[in-house]
Amino acid sequence: MPFLDWVNKTQAVGTSVDTPYHLLQFQSAFGNAAADNLLIQGDNLKALKALLPFYRSQVKCIYIDPPYNTQSAFTHYDDKLEHSQWLSMMYPRLVLLRDLLAEEGSIWVSIDDREAHYLKVMMDEIFGRGAFIASNVWQKRYSRENRESIGDVHEYIMVYAKSPDKFKSVRNRVPLDEAQAKIYRNPDNPKETDPAKRWRGLPMTAQGYRPNQMYTITAPNGKTHVPPEGRCWSTIESEFLKLKEAGRIYWGKDGNAQPSVIRYLSEVEGLVPWTWWPHDDVGHTDESKKECNLLFGADVSFGTPKPERLLQRILYIASNPGDLVLDSFLGSGTTAAVAHKMGRRWIGIEMGDHAVSHCIPRLEKVIAGEQGGISKTIAWQGGGGFRFHTLGEPVFDADGGIHPNVRFGPLAAYLWHFETGDAARQDFTTPFLGVHNNTAYYLLYNGILGDRRPQGGNVLTSAVLAHLNEAFPHDGPRVIYGETTRLGEARLREANIIFKQIPYDIKAR
């Protein structure tokens, strides 16, 4: 497979590994403080790395709308990066986003022609060429663009999945709109709106020849039918008789037509998504600009927002209520707002001041039940909440030691992820962190054992080991992190323990 190369690529490839882990510093809660939604202000590379110990392989749908490198300047974004700098900025972030993605999850990236084809090759490298799903074309304008040689009326939404087969099995079909559903009707009541009473007749033939599906059918008014040449009935005779008995066969107005199977609108799963996304289906830039103006006022609105209907379509296809959605280029907060209204859990990351000036006020309005965007179409009435965090100190200080502000829980989560590669979903309230592949992990740090001497239980002594054996027994290998150990190598081997010293045996990877 060919690879993309550029100046400083080697450095960009290593950036995701070299980026230190930082703590997330809680600032405030809005609405229901127990809600599992998170807004983070800070550099998104550091924030994504901070999320790994807790959310690795947990995110169902990632949507990002990164700077497009358009050689123009926006108020809220530096969208004027030299090409190789843009690639170096994107590469490590995509690596971390891949690691956060669930096995059946998908990532959707908005981009335009300036970098779309380079992005495609780079994502092939990071996610694997076989992970590519589609390059959707969004018609962002409804009027002609006459300023250029050829008017620009579209953008792309690149889609990759960690496991394409699993994604296909869980992705949702697109609901029919009324224009598409108009062929389903109730002949006895043309104004009927109940989908359980609106129907259409589907032809009861299939291509090919199957002997057990070649039989004669007699219509109610006496006319006989056999399959047309080159075709057979779509079902065997016994199944046809069951449909007939259930009143699911339509014979035409005169009762003599070739049989068709009645299918009700309520039974239609929806349409398989396709790559052409016209503006009348998912919105356009004028629509999104008006949405932002209503939220923030024209004088403080956002430069390049996406319409809520576009995000609704993405999140509907790629997730279900309760699933976790992530946007690490949150911008004006559209992804978080739409995810909130659609009942998804969400994480949004924004670096600039507009995390406070735009995102928080917008999401507060969502909680209060604002009726812009998709609110009326989904009957949004408000509710929920989110927590606002900033990036705190790194786990390790400049000298390689653990930062004094690091508490037991964050360090335990970091070590669990460091040792196992799994997200830390458990609560860490004891020195026993858990068992992975038959190895138990323990952490002696920050007085977790109370005031057990020496040094508040941070040292592995005979007394501390006896306590661990009694309180958290494990018949297998054990890894114990601590400040130091008073036990000799022979004793550790006898107890099947690997001791790792803090901070020297911890690596920020």
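Above this text sits the structure in question.
Throughout, residues of each chain are indexed from 1 in the direction in which the sequence is written. Local features in this predicted model are restricted to residues of pLDDT 70 or higher, and side-chain atom pairs are both shown and tallied only at a pLDDT of 80 or more, whereas totals for entire chains, interfaces and linings draw on every residue. Only heavy atoms go into the side-chain values, all of them from the structure, while hydrogens and water stay out.

A. Inspection of the overall build of the chain at higher detail. Along the backbone of the chain there are 15 helices and 23 strands. Principal axes of the C-alpha set define a box for the chain whose edges measure 95 × 60 × 50 Å. Counting the 509 residues in the chain, one finds 50% classified as buried. Long-range pairs, those at least 24 residues apart, make up 69% of the contacts in the chain with a sequence separation of at least 6. Helix and strand definitions here come from DSSP, where helices need a minimum of 4 consecutive H or I residues and strands a minimum of 2 consecutive E residues; each element is numbered from the N-terminal end. Each residue's exposure class comes from its accessible area (1.4 Å probe, protein chains only) as a fraction of the maximum for that residue type: buried when under 20%, exposed when over 50%, partly exposed otherwise. Contacts: residue pairs with any heavy atoms within 4.5 Å of one another.

B. View of the sheet that holds strand 16 (residues 345-350). Taking strand neighbours across the sheet as the criterion, the ten strands line up as 1-17-2-16-15-3-4-6-5-14 in an open arrangement whose pairing is mixed. Pairing within the sheet leaves two strands with one partner each, and these edge strands are strand 1 (22-31) and strand 14 (276-277). Pairing between strands requires that DSSP locate at least two bridges from one strand to the other. Pairing geometry for strand 4 (residues 101-111) and strand 6 (residues 154-161), over six bridges, is antiparallel. Looking at the pairing, W108 lines up with V159 of strand 6. Fitted lines through C-alpha atoms give the axes, limited to the stretch in contact for helices. The angle between two N-to-C directions lies from 0 to 180 degrees. Sheet strands touched by helix 10 (residues 308-318): strand 3 (59-64), strand 4, strand 5 (132-139), strand 6, strand 14 and strand 15 (324-327). Its angle to strand 3, the strand with the most contacts, is close to 155°.

C. Main features of the pattern of salt bridges. Salt bridges are defined by distance alone: a side-chain nitrogen of Lys or Arg within 4 Å of a carboxyl oxygen of Asp or Glu. Scanning all chains against the criterion turns up 23 salt bridges. The partner of R98 in a salt bridge is D99, and the shortest N-O contact between them spans 3.3 Å. You can call R98 partly exposed: its relative accessible area is 27%. With a closest N to O distance of 3.9 Å, E489 and R493 form a salt bridge. One end of the pair is E489 and the other is R493, both in helix 15 (residues 489-494) and four residues apart, which spans about a single turn. Residue E489 is classed as exposed on the basis of its relative accessible area, which comes to 64%. Here the salt bridges do not stand alone but share partners, grouping D65, K140, D152, E155 and K306 into one network.

D. Layout of the packing of helix 3 (residues 83-100) against helix 4 (residues 116-127). It is the contact of helix 3 with helix 4, at a shortest axis distance of 10 Å, that shows an interaxial angle of 35°. Crossing handedness for the pair helix 3 and helix 4: right-handed. Seen from helix 3, the contacting residues are H83, W86, L87, M90, Y91, L94, V95 and R98; seen from helix 4, they are Y118, L119, M122, M123, E125, I126 and F127. Under the scheme applied here, ten amino acids are nonpolar (Ala, Val, Leu, Ile, Met, Phe, Trp, Tyr, Cys and Pro), four are charged (Asp, Glu, Lys and Arg), and all others, including Gly, are polar. When its residues are assigned to classes, the contact of helix 3 with helix 4 shows twelve nonpolar, one polar and two charged. Whether a crossing is left-handed or right-handed is set by the direction in which the near helix is turned from the far one by less than a right angle, anticlockwise for left-handed and clockwise for right-handed.

E. Representation of the layout of surface pockets. Counted as a void, the second largest pocket has a volume near 560 Å³. Lining the second largest pocket are 24 residues, and of these L24, F54, G409, P410 and A413 lie nearest its centre. Of all the elements in the fold, those that place two or more residues in the lining of the second largest pocket are strand 1, helix 2 (44-55), strand 17 (385-394) and helix 13 (408-420). Only protein atoms enter the calculation, which uses a 1 Å grid: trapped sets of points that fit a 1.4 Å probe without letting it out are cavities, open sets showing protein on both sides within 12 Å along at least five of seven lines are pockets, and any residue with an atom within 4 Å of a point is a lining residue. Grid points are joined across faces, edges and corners, and a volume is the space filled by probe spheres set on the points.

F. Molecular detail of the packing of helix 2 against helix 13. Across the interface, helix 2 lies against helix 13 with an axial gap of 8 Å and an inter-helix angle of 80°. Here helix 2 lies roughly perpendicular to helix 13, going by the angle between them. Mapping the contact onto sequence places L52, P53 and F54 in helix 2 and A413, Y414 and H417 in helix 13. Here the angle decides the label: under 35 degrees means roughly parallel, over 145 means roughly antiparallel, 65 to 115 means roughly perpendicular, and every other value means oblique.

G. Looking closely at helix 14 (residues 462-471). Looking only at helix 14, the buried set comprises V464, L465, H467 and L468. On an axial view of helix 14, the arc spanned by its buried residues comes to 160°, and they lie on one face. Away from the buried face of helix 14 by more than 90 degrees, exposed residues A463 and E470 are located. Packing partners of the buried residues in helix 14 comprise strand 19 (439-443), strand 20 (459-460), strand 21 (478-482), helix 15 and strand 23 (497-501). What the arc covers is the set of directions going from the helix axis to the C-beta atoms.

H. Quick look at the environment of E308. Examined against the element boundaries, E308 turns out to sit in helix 10. For the pair E308 and A219, spaced 89 residues apart in sequence, the C-alpha to C-alpha distance is 51 Å. When neighbours within four sequence positions are excluded, E308 is seen to be in contact with E291, T334, A337, V338, K341, R362, E370, G372, G373 and I374.

I. Representation of the side chain of H436. Tracing the sequence through the fold places H436 in strand 18 (residues 432-436). A polar contact is formed between the side chain of H436 and the side chain of D422, at a distance of 3.4 Å. Not counting the four nearest positions on each side in its chain, H436 is found in contact with W416, T420, D422 and Y441. Each polar contact in these results corresponds to two N or O atoms within 3.5 Å; when the atoms are within protein, one needs to be able to donate a hydrogen and the other to accept it, and residues that are neighboring in sequence are counted only if both atoms are side-chain atoms.

J. Inspection of the nonpolar core at higher detail. By nonpolar core we mean a set of buried residues, namely Ala, Val, Leu, Ile, Met, Phe, Trp, Tyr and Cys, connected to one another through side-chain atoms within 4.5 Å. Core analysis: the largest hydrophobic core is formed by 68 residues, its most contacted members being L94, I107, L119, M122, L411 and L443. With ten residues, helix 3 is the largest single contributor of residues to this core. In this structure L411 touches V395, I402, V406, L443, Y445 and I506, once residues within four positions along its chain are discounted. The next biggest cluster of nonpolar side chains, apart from the first, holds 36 residues, and it includes L39, V159, A161 and V338.

K. Local environment of the environment of Y91. The residue Y91 is located in helix 3 in this model. Residue Y91 is classed as buried on the basis of its relative accessible area of 7%. As a C-alpha pair, Y91 and Q139 span 48 residues in sequence and 27 Å in three-dimensional space. With residues near it in sequence (within four places) discarded, Y91 still touches W6, K9, A12, V13, M122, E125 and I126.

L. Summary view of the packing of aromatic side chains. For Phe, Tyr and Trp, rings pair up if their centres lie within 6.5 Å, where Trp contributes its six-membered ring, and each pair is then called stacked (planes under 30 degrees apart), edge-to-face (over 60) or tilted (otherwise). For the structure shown, the criterion picks out 15 aromatic pairs. With a centroid separation of 5.8 Å and an interplanar angle of 35°, the aromatic rings of F127 and Y160 are classed as tilted. Separated by 33 residues along the polypeptide, F127 in helix 4 and Y160 in strand 6 bring together distant segments of the chain. There is no split in this pair, since F127 and Y160 are both buried. Aromatic side chains W346 and F386 sit 5.7 Å apart centroid to centroid with 45° between the ring planes, which places their arrangement in the tilted category. Placement of the pair is W346 in strand 16 and F386 in strand 17, with a sequence separation of 40 residues.

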